[in-house]
Structures are given as C-alpha cells and as structure tokens.
Amino acid sequence: MDPNVFDDVLRTVRDFVRDEVVPAEDEIERTDAIPERLRATAADMGLFGFALPEEHGGLGLSMSEDVRLAMELGHTVPAFRSMFGTNNGIAGQVIVKYGTEEQKQRWLPRLAAGEAIASFALTEDGAGSDPSSVRTKAVRDGEHYVLSGAKRFITNAPHADVLVVFARTGEDVHGGISVFLVETGLDGVRIGPPNAKMGQAGAHTAEVFFDDVRVPASALVGGQEGTGFTAAMSSLTRGRLHIAAICVGLAGRIVEESVRFAAEAEQGGKPISRFQLVQALLAESQAEYYAGRSMVLEAAREYDSGADTRLAPSCAKLFCSEMVSRVADRAVQVHGGSGYMRGVPVERFYRDSRVFRIYEGTSEIQKLIIAKQLLRQFA
Ligand SMILES: Cc1cc2nc3c(=O)[nH]c(=O)nc-3n(C[C@H](O)[C@H](O)[C@H](O)COP(=O)(O)OP(=O)(O)OC[C@H]3O[C@@H](n4cnc5c(N)ncnc54)[C@H](O)[C@@H]3O)c2cc1C
C-alpha cells in the first residue's frame, strides 16, 4: 500500500480504537458482545479485509503493515480484533493462498466487506497441538463429499457463514488431510452454544458438528485433495506473527494503565510511583514491551522479503505471548488489591492475555518448531 495511504489508515484506526472502542470496553465485558455501531464502523474502515488482496476488496496489507495495524488493534480488548481476525487471518488466508479463482471470487469480497464471517475449523478433541490426528472424515460420493466429525474451540463459529474445515480424505498422515469450504446453513452442520471462557468476553468459540454433511466437490479448497495440512501450517504461521503484534499492542496498553495507576495511587501520603520496587515493575514491563515490538517489526520485515517465513514468526509468537502475560501479571501487582478486582482494566487484560500462549500453537509447540528449524539448518 502507498505509505501515505497506509499512514492514514493507521491513524484512523488508532483514533477509532482509542476514542470509540476503549470507552466501550466495560460494555463489551458486561454484554459479552461487540456493539453493532463498532462492528459497522470496523466494516466501513475495511478491517474485515485488511489482510485480504485488494483485487478481492481487501486492503492488501503486507506483513509489515499488518503488524503495525495489529499493534494499534491490540491497544484494546482482544475481542474487538477477534471479530474480524478469522476473516483476515487463519480462515481467510487459506482461501487466498489455496482457493480456486471461483472460491476466491465467491468468498473474499464478502469476507472483506464484513458481510460474511469465516471460521478456521481444525482443532478436535485429541487433535489440537497435533493436527495430523484429525479424525473428521470427508468421503467422496460422486460429485459430492460427505463430511462427518466434530471440531472444538472454533473462533467465531457462532457467527460464521462459512467454515474452513480440515478433514481426512486419505490415510497418509499429512497428505491425507484436505480442506473444504462448508457453509453453515447446510443440512447436518450443527454449531454448539458459545463456550464459557476465562476471558476475552465478546469473542466467541464453539464446537461444530458435521453429521453426514453433503458438500459439492467444488467446496474442496483448490480443487485438490491433500493440501489441508500445508494450508493449515502456512495460514497459522502468518497468524502467529499477527498474534505476536496483538500481544505487543496489548502490552503497551497494560504498561500505560500501570504507569497511570502508579502515578495516581498513594500510600503513606505519597504516590506509589516513588517506590523504586514499583518503578522496577514498570521498567521491566516497558523493556519487555520494547523487545517484543522490535522483534515483531523485524520478523515481519523478514517475512515480507521471504528471508524467514517460519522460524522468526514462532520466535515472535513464543516471546510476545509469554511477555504480555508477564506484563499483565506485573500490572496486577502494581495495582495491589485493586488489580484483583473486577472492573479494573488490568484484571480483565490478565485473563484476556492468557490464551495467547495457547491458541495458534502453544508455547511448547513454538519451541518445538524453533528447535526443529535450527536443527534442520544445521543439518
Ligand atoms: C479461545 C480459543 C480460541 C481458539 N480458536 C480456534 C480456532 O478458531 N480454530 C481452531 O482450529 N482451533 C482453535 N483453538 C484451539 C487451539 O488452537 C488449541 O486449543 C491449541 O492448539 C492446543 O490444543 P489442545 O487444546 O488440544 O491442547 P493439547 O494439544 O492437548 O495441549 C495440552 C498441553 O500439552 C502440550 N503438548 C501437546 N503436544 C505436545 C508435544 N508434542 N510436545 C510438548 N508438549 C505438548 C501443550 O503445549 C499443552 O501444554 C482455540 C482455542 C482457544 C482456547
């Protein structure tokens, strides 16, 4: 994107997040929903398609632009980003990179406009960290496939129009997994009630059941069996860098909340910011925030140049998701008893940030990916 246009986008999003979304945080927490006025403005601003190609109605941001936008989005409740996260990220990118021209034309413009929601349906009971164990099956039957199985923890499933479903079409561990675009209105698709989660009120996950769902052969992504595993991995890698940037944005906000509290709260008639041990908590968080920010910007640069599309995104996801958890933990400490009370932003962010170490690959899985890449490079 033209750098001047991108600067305008960034400024508009930044103002919108700070002026409109931040004041609505308590409402989002209380109602477990993103208000329609925020959804509509986000759609008008192109946020449902910031990472989708321009020729299909998106903003076509590069990874370097994506992470800078994500840092702005991370400044508020993660549920806001989650509303359009699957369209741009894990689900949308499968269609962008692996879909047929017809599949792209059918879905991407609607996803980019916020007229349709896509979910990424990979995880199953017993197939989370190890997606090669998926048991959901797709059996060819003439010009159709018949899908049966169940998925869990699927973000935006309660709102989805289309599910990007990973299902087994063959025996081969990786090569036997294919990916389908399954409309939620089809007979046999059942979405469970939204899960009751620890945090991120306003973002919804659910189980999805496929009871002999007949989909046309044209629903097979790319028109080819066996691409599912590669498509999932490639989409998740990009997603990891985006999540790392969200963690950086959130860490920055949490530091701001901590500094404000430390400057205003008093003990023994003086601000707690005078205590050097409180200052140390702020300093450690700021240094870690800065390290995460630098890391994400560099990783995104290498992703765009093609120099590193695997190792750095996992390093960034690992470091930044753990970092924002530490920053949130220190923020609660800075707030003392108030930090443990509902209604205080850092208490909410403490719960909201916990999942970043789990989804799109746990911290343990990121370590395995990093080590595998290092050992492969050595060999
Ligand atoms: C809020 C939320 C939203 C989500 N959204 C989606 C979504 O939209 N789409 C989707 O498909 N999934 C989604 N998920 C699922 C998420 O990606 C998985 O929960 C995650 O990958 C972990 O898988 P699991 O839950 O099966 O846990 P497990 O894989 O069983 O992990 C349990 C523990 O074992 C460890 N472990 C597992 N394997 C290994 C190993 N080989 N070596 C070392 N340690 C290991 C893990 O690190 C973890 O500590 C979401 C989850 C949550 C909580």
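Residues numbered from 1 in each chain as written. Predicted model: local features only at pLDDT ≥ 70, side-chain atom pairs only at ≥ 80, totals over all residues.

- In the nomenclature of an unreviewed UniProt entry, the protein chain is known as Acyl-CoA dehydrogenase of Saccharopolyspora hirsuta.
- What the UniProt record of the protein chain gives under Sequence similarities (unreviewed entry) is the line "Belongs to the acyl-CoA dehydrogenase family."
- The UniProt entry for the protein chain carries this comment under Cofactor (unreviewed entry): "FAD". (UniProt positions renumbered as here; feature names shortened; annotations may be inferred.)

## Concerning the site of the ligand
Part 1 of the argument: Around the ligand there are 19 residues in total, and Gly-128, Ser-129, Thr-155, Thr-362 and Glu-364 lie nearest to it.
Part 2 of the argument: Of all elements in the fold, only strand E1 (118-121), strand E3 (144-155) and helix H12 (363-378) reach the threshold of two or more residues within the shell around the ligand.
Part 3 of the argument: In terms of residue class, the shell around the ligand is built from ten nonpolar, seven polar and two charged.
Part 4 of the argument: Each of domain 2 (118-227) and domain 3 (230-378) accounts for three or more of the residues forming the shell around the ligand. (Near = placed C-beta within 6 Å. Helix = DSSP H or I, 4+ residues; strand = E, 2+ residues; numbered from the N terminus. Nonpolar A, V, L, I, M, F, W, Y, C, P; charged D, E, K, R; others polar. Domains from an automatic or database assignment.)

## Things to note about the packing of helix H8 (residues 228-264) against helix H11 (residues 345-353)
Part 1 of the argument: Close contact between H8 and H11 brings their axes to 10 Å; oriented N to C, the two are set at 155 degrees. One finds that H8 runs roughly antiparallel with respect to H11. In the packing of H8 onto H11, the handedness of the crossing is left-handed. From H8, Leu-250, Ile-254, Glu-257 and Ser-258 reach across to H11, where they touch Pro-345, Val-346, Phe-349 and Ser-353.
Part 2 of the argument: Classifying every residue of the contact of H8 with H11 by side-chain character gives five nonpolar, two polar and one charged. (Axes fitted to C-alpha atoms, helices over the stretch in contact; angles between N-to-C directions. Parallel < 35°, antiparallel > 145°, perpendicular 65-115°, else oblique. Left-handed = near helix turned anticlockwise from the far one by under 90°. Contact = placed C-beta atoms within 7 Å.)

## Observations concerning the UniProt feature "domain: Acyl-CoA dehydrogenase/oxidase C-terminal" (unreviewed entry) in the protein chain
Part 1 of the argument: Mapped onto this structure's residue numbering, the UniProt feature "domain: Acyl-CoA dehydrogenase/oxidase C-terminal" (unreviewed entry) falls at residues 226-375.
Part 2 of the argument: Its end C-alpha atoms 27 Å apart, residues 226-375 is made of 76% helix and 3% strand.

## Here's the deal with the nonpolar core
Part 1 of the argument: Counting residues in each nonpolar core, the largest one holds 113 residues, and the members touching the most others are Phe-180, Val-182 and Cys-247.
Part 2 of the argument: If one sorts the elements of this core by residue count, H8 sits on top with 17 residues.
Part 3 of the argument: The contact partners of Cys-247, leaving out residues within four places of it in the chain, are Gly-74, Gly-292, Cys-320, Ser-321, Met-323, Val-324 and Phe-356. (Core = buried A, V, L, I, M, F, W, Y, C linked by C-beta atoms within 7 Å. Buried ≥ 20, exposed ≤ 12 C-beta atoms within 10 Å, placed from the backbone.)

## Here we look at the packing of H8 against helix H9 (residues 276-305)
Part 1 of the argument: Their axes nearest at 9 Å, the elements H8 and H9 cross at an angle of 155 degrees. Compared by their axis directions, H8 and H9 come out roughly antiparallel. Crossing geometry of H8 relative to H9 is assigned as left-handed. Where H8 approaches H9, its residues Leu-241, Ala-244, Ala-245, Cys-247, Val-248, Ala-251, Gly-252, Val-255, Ser-258, Val-259 and Ala-262 are matched on the opposing element by Val-278, Leu-282, Ser-285, Gln-286, Tyr-289, Gly-292, Arg-293, Val-296, Ala-299, Ala-300 and Tyr-303.
Part 2 of the argument: Grouping the constituent residues of the contact of H8 with H9 by class yields 16 nonpolar, five polar and one charged.

## Here's the deal with the environment of Ala-283
Part 1 of the argument: By secondary structure assignment, the location of Ala-283 is in helix H9.
Part 2 of the argument: What makes Ala-283 partly exposed here is the crowd of 13 C-beta atoms within 10 Å.
Part 3 of the argument: Taking the C-alpha atoms as reference, Ala-283 lies 9.9 Å from Val-259; in sequence the two are 24 residues apart.

## Describing the UniProt feature "domain: Acyl-CoA oxidase/dehydrogenase middle" (unreviewed entry) in the protein chain
Part 1 of the argument: UniProt's entry tags residues 119-213 with the feature "domain: Acyl-CoA oxidase/dehydrogenase middle" (unreviewed entry), counted in the numbering of this structure.
Part 2 of the argument: Counted over residues 119-213, helix gives 0% and strand 48%. Its end C-alpha atoms are 17 Å apart.

## Focus: the domain arrangement of the protein chain
Note on interface size: it is often stated as the accessible area lost on association of the parts.
Part 1 of the argument: Considered domain by domain, the protein chain is made up of domain 1 (3-113), domain 2 (118-227) and domain 3 (230-378).
Part 2 of the argument: With centres defined by C-alpha atoms, the gap from domain 1 to domain 2 works out at 23 Å.
Part 3 of the argument: Each partner contributes residues to the interface: domain 1 has 21 residues there, and domain 2 has 17 residues.
Part 4 of the argument: Residue assignment for the side of domain 1 that touches domain 2 shows that the elements contributing at least two residues are helix H2 (25-31), helix H5 (78-88), helix H6 (92-98) and helix H7 (101-113).

## Comments concerning the pairing of strand E5 (residues 177-183)
Part 1 of the argument: Across the seven residues of E5, six count as buried, placing the element largely inside the fold.
Part 2 of the argument: For strand E4 (residues 162-168) and E5, the ladder comprises seven bridges, and the chain directions are antiparallel. Note on E5: the bridge partner recorded for Ala-167 is Ser-178. (Pairing = 2+ DSSP bridges.)

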